[in-house]
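Analysis of the macromolecular model
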Amino acid sequence: MALRIGQRELDRLTILDVRGKLAGEAGEALAQRIEDLIAVGRTRVILNLREVSFIDSAALGELLSKHSALRDAGGQLKLLHLTDRVWDLMVTTKLELVFETFRSEAEAIRSLRSGAGPD
Amino acid sequence: MSSQAAATDVRVLLLESDAEHAARVSILLEQAAAPAFGSAEVVSVPEARAALAELDGGRYDVVLLGLSSAVARSGAGFDVIQQLDRMAPVVVLSALDDEDVAVRAVQRGAQDYLVKDRLTPDLLARSMRYARERHRLLAEQTRRLEHELKIAAFVQQSFLPSRMPVAPGHDIGAHLHASGQVGGDFYDFIELGGDRVALALGDASGKGIPGAILMAETQGVLRAEAAGCATPLELVRTLNRALLHDRSQDRFVTLFYGVLEVPTGEFTFVNAGHPRAVLQDGGTESALKSTGPPLRLFTDAAWEERTVRLRAGARLVVYSDGVTEAQDADERFFDLEGVRAVMAEHPDCPAAELARHICHAAERFERGNPDPGDDKTVVVIRAREP
């Protein structure tokens, strides 16, 4: 299934609703989308992963790299609505300690608004 | 334009459903050919199937693909470009003057996109000459790349251990199924001396060449350092430091690394972000879960070491995520259940065979899925009954 990325904007905050499998080239497509956001200064990003059935290791690497890129650009990346399988991957790789994950969109938004520092 | 005429004759396949257009292009070709190529032989066919059959039967220097406005606009004629391009360079002659459509045609493999109303003999001749030259260069590059990939795959195969380690009382086997020509999975066994055998199964993230290079680097360091490290934990820390020398944080290695004390069956491991291994002992099963993050992500990470005992009759199965994440056409996963099912089906089979059975079952499982699967690696240790 091809990857689809919906984009919602709330003030300076961007929510990407991702749908499909984050594997192979799909991971690169998502990374590119985040790069595009950084390029226009939209560096507070929530990835809604409710419709993501699976993330492979290459895509996970891309997410890590964009997590750092957003932070370097003064922003933040938060993950929302992880499916059981994706959560399992986070636990296995211990990356649940690196990515901030949320079960509620309101909480993710609140956290981004309060914690993103001045810009 | 056509002052220095090349003396070679050209064979042109003209695929054009409109007879009037076909006749016009043939006349243009005659005018173009005399100064540019010497002589041109033109075979005209009205539809794609005939064109493919014609290409199959004989050598053509170039295909001129005529598209009506409607076909060009719908993009329906573009599928055939890819098929034709495998056999000869394709130049599209389109009734539609649209830059976006032209770009799409070129993305699908066309060498050039010419608008029918503006064709001149010179333009056609030059476009055909360039198309042939580019197509030839591309084919040569592709051949060279494929040749190099084959060599890379061969080199990578040679990294795998050529024989199983000596471990009396234990039956050890492994199987690796590569999804592409080169991959990121590897396994290794190292006899450490003092009745100790190390087992490693790793997965470098990223497919193709980047994954393969990271895999090779990991395995190289692992082999060099394993014997000098007193514990699996020390090895994992050493390996992590070595791999971290460049800090591009987008690639990492998951690694299951354990050391078997052959006389006692004691098995001490670190699972660095790798899928859980399965230990079945009689009726009980335990999961050898991740005890820390993958390698090459953090300078300091708190990996933990765990020890289990492989009692007589016990089977330890370690695998890469390509096995459990194999997906069928309905996007169901092979999962740990799939691994367990194969283990149950083959309760007494030798380690190497069980490893192969598991890989093959996962591979069969994903056959209906059009997405390419990942590498699949399985390592099995059976502690023999005395």
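What you are looking at is a predicted structure, and each value in this text was computed from that prediction instead of being measured. (Residues numbered from 1 in each chain as written. Chains lettered and ligands numbered in written order. Predicted model: local features only at pLDDT ≥ 70, side-chain atom pairs only at ≥ 80, totals over all residues.)

**Quick word on the overall build of chain A**
A tally of helices and strands in chain A yields four helices and five strands. Helices (α) and strands (β) of chain A occur, in sequence order from the N terminus, as β-β-α-β-α-β-α-β-α. Relative to the 2.2 N^0.38 estimate, which gives 14 Å for 119 residues, the radius of gyration of chain A is 13 Å and therefore close to what a compact globule would have. With respect to the principal axes defined by its C-alpha atoms, chain A has extents near 35 × 25 × 20 Å. Evaluated residue by residue, chain A yields a buried proportion of 42% over its 119 residues. (Helix = DSSP H or I, 4+ residues; strand = E, 2+ residues; numbered from the N terminus. Rg over C-alpha atoms; globule rule 2.2 N^0.38 Å. Buried ≥ 20, exposed ≤ 12 C-beta atoms within 10 Å, placed from the backbone.)

**So, the nonpolar core**
All names here are of chain B. If you look at the biggest cluster of nonpolar residues, it comprises 64 residues, and the most contacted ones within it are Leu-316, Ile-358 and Val-378. The element best represented in this core is helix H11 (residues 351-365), accounting for seven residues. Ile-358 has contacts with Tyr-319, Val-323, Val-339, Val-342 and Val-378, leaving out every residue within four places of it along the chain. Ranked by size, the runner-up nonpolar core spans 37 residues in total, among them Phe-37, Val-63, Ala-110 and Ala-125. (Core = buried A, V, L, I, M, F, W, Y, C linked by C-beta atoms within 7 Å. Contact = placed C-beta atoms within 7 Å.)

**Let's talk about the pairing of strand S7 (residues 185-193) of chain B**
All names here are of chain B. Relative to strand S8 (residues 196-204), S7 runs antiparallel, the two being bridged by eight bridges. Residue pairing in the sheet places Asp-185 in a bridge with Asp-203 of S8. Hairpin connection of S7 to S8: two residues between the antiparallel strands, including Gly-194 at a positive phi of 60 degrees. (Pairing = 2+ DSSP bridges.)

**Brief notes about the environment of Ser39(B)**
Residue and element names in this part refer to chain B. Among the secondary structure elements, Ser-39 is positioned in the loop between helix H1 (19-36) and strand S2 (40-45). Its 11 C-beta neighbours within 10 Å are what place Ser-39 among the exposed residues. Residues in contact with Ser-39, not counting those within four places in the same chain, are Asp-9 and Ala-33.

**Brief notes about the sheet that holds strand S15 (residues 376-383) of chain B**
All names here are of chain B. Spatial ordering of the open sheet is given by S6-S15-S14-S11-S12, a layout of five strands whose pairing is antiparallel. Each having just a single partner strand, strand S6 (170-177) and strand S12 (284-288) make up the two edges of the open sheet. Here the strands of the sheet are splayed against their neighbours by 15 degrees on average, with no regard to which way each runs. Here strand S14 (residues 315-319) pairs with S15 via five bridges, running antiparallel. In the sheet register, Val-317 faces S15, and the bridge partner there is Val-380. (Axes fitted to C-alpha atoms, helices over the stretch in contact; angles between N-to-C directions.)

**Structural notes on the interface of chain A and chain B**
Residue-level contacts link 15 residues of chain A with 19 residues of chain B. Those elements that provide at least two residues to the side of chain A that touches chain B are strand S3 (44-55) and helix H2 (57-72) of chain A. Here the element with the most residues in the side of chain A that touches chain B is H2(A); it accounts for eight residues. Class assignment for the residues of the side of chain A that touches chain B results in five nonpolar, seven polar and three charged. (Nonpolar A, V, L, I, M, F, W, Y, C, P; charged D, E, K, R; others polar.)

**Quick notes on the domain arrangement of chain B**
A common measure of how large an interface is: the accessible area buried when the components associate. The domain architecture assigned to chain B consists of domain 1 (10-149) and domain 2 (160-383). Computed over C-alpha atoms, the centres of domain 1 of chain B and domain 2 of chain B are 51 Å apart. (Domains from an automatic or database assignment.)

**Digging into the sheet that holds strand S3 (residues 62-67) of chain B**
Residues and elements named next belong to chain B. On the basis of which strands lie adjacent, the open sheet formed by five strands has the order S2-S1-S3-S4-S5 and parallel pairing. What marks the edges here is a single partner per strand, and that holds for S2 and strand S5 (112-115). The sheet shows a mean angle of 20 degrees between the axes of neighbouring strands, direction not considered. Examined bridge by bridge, S3 and strand S4 (residues 90-94) share five bridges and lie parallel to one another. Each residue of the ladder has a partner; that of Gly-66, found in S4, is Leu-93. Sheet strands in contact with helix H6 (residues 121-159) are S3, S4 and S5, and its direction is about 170 degrees off that of S5.

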